[in-house]
Amino acid sequence: MLASFRELAVKSPWIYRINAGSCNGCDVEMATCALIPRYDIERLGCQYCGSPRHADIVLISGPLTRRVLDAARRVFDEIPDPKVTVAVGVCPISGGIFRESYAVLAPIDQYFPVDVNVPGCPPRPQAIIEGVAEAIEVWRQRL
């Protein structure tokens, strides 16, 4: 039975999104990937979910502010293993234009294990889809 579960699970990873203090530019592009047929992310066999407890892949946007850190950690810890983390945008990767701020803790790989980086400010939908495709491969290897 476990082998058949793995076979089914590999076909449909679920994605959850954490906004760690972003300007919403990356969030708009992630919504574009989910809602517009031209960039339909579901063609990869995955879909967005509303609960972190159902997620397999987590997309994190924003530079990770001090105020959001504890909440982001709580949500991140609710995601079951094996999980794959994708840093979407330049802000979680390096802090972007906010990196010199007293309120910013970027890069997020100091606080969360990051598996895939998707650079850009904001990244194009094609880049986000490519990052999710790479995350799916990492997730399949971990199953």
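This structure is a prediction, so every number in the text was calculated from the model and none was measured.

Turning our attention to the pairing of strand β4 (residues 84–88). Counting buried positions along β4 gives five out of five residues, so the element sits mostly inside the fold. Burial along β4 is two-sided: Val84, Val86 and Val88 facing one way and Thr85 and Ala87 facing the other are all buried. Relative to β4, strand β3 (residues 57–61) is paired through five bridges, and the arrangement is parallel. Within β4, the position partnered with Ile60 by the bridge is Ala87.

Our focus in this paragraph is the side chain of Glu29. For Glu29, the position within the fold is in helix α2 (residues 25–35). Salt bridges are absent for the buried Glu29, whose nearest opposite-charge side chain, Arg124, sits at 7.7 Å. For Glu29, the contacting residues outside a window of four places in its chain are Pro122, Pro123, Pro125 and Ile128.

Quick look at the UniProt feature "domain: NADH:ubiquinone oxidoreductase-like 20kDa subunit" (unreviewed entry) in the protein now. Here the UniProt-annotated "domain: NADH:ubiquinone oxidoreductase-like 20kDa subunit" (unreviewed entry) positions come out as residues 23–134. Its end C-alpha atoms 25 Å apart, residues 23–134 is made of 35% helix and 13% strand.

The next point concerns the nonpolar core. Among the nonpolar cores identified, the biggest contains 20 residues, and Ile57, Leu59, Val86 and Val132 are the most heavily contacted of them. Broken down by secondary-structure element, the contributors of at least two residues to this core are α2, β3, β4, β5 (116–118) and α5 (125–142). Looking at this core element by element, the count peaks at six residues for α5. If we skip the residues at most four places from it in the chain, Val86 touches Ile57, Val58, Leu59, Ile60, Val116, Val118, Gly131 and Ala135. Within the second largest apolar cluster, 16 residues are counted, among which are Ile18, Ala55, Ile79 and Ala87.

About the thresholds
Residues numbered from 1 in each chain as written. Predicted model: local features only at pLDDT ≥ 70, side-chain atom pairs only at ≥ 80, totals over all residues. Heavy atoms only, no water. Buried < 20%, exposed > 50% of the residue type's maximum accessible area, 1.4 Å probe, protein only. Helix = DSSP H or I, 4+ residues; strand = E, 2+ residues; numbered from the N terminus. Pairing = 2+ DSSP bridges. Lys, Arg positive; Asp, Glu negative; His and termini not counted. Salt bridge = Lys/Arg side-chain N within 4 Å of Asp/Glu carboxyl O. Contact = heavy atoms within 4.5 Å. UniProt positions renumbered as here; feature names shortened; annotations may be inferred. Core = buried A, V, L, I, M, F, W, Y, C linked by side-chain atoms within 4.5 Å.

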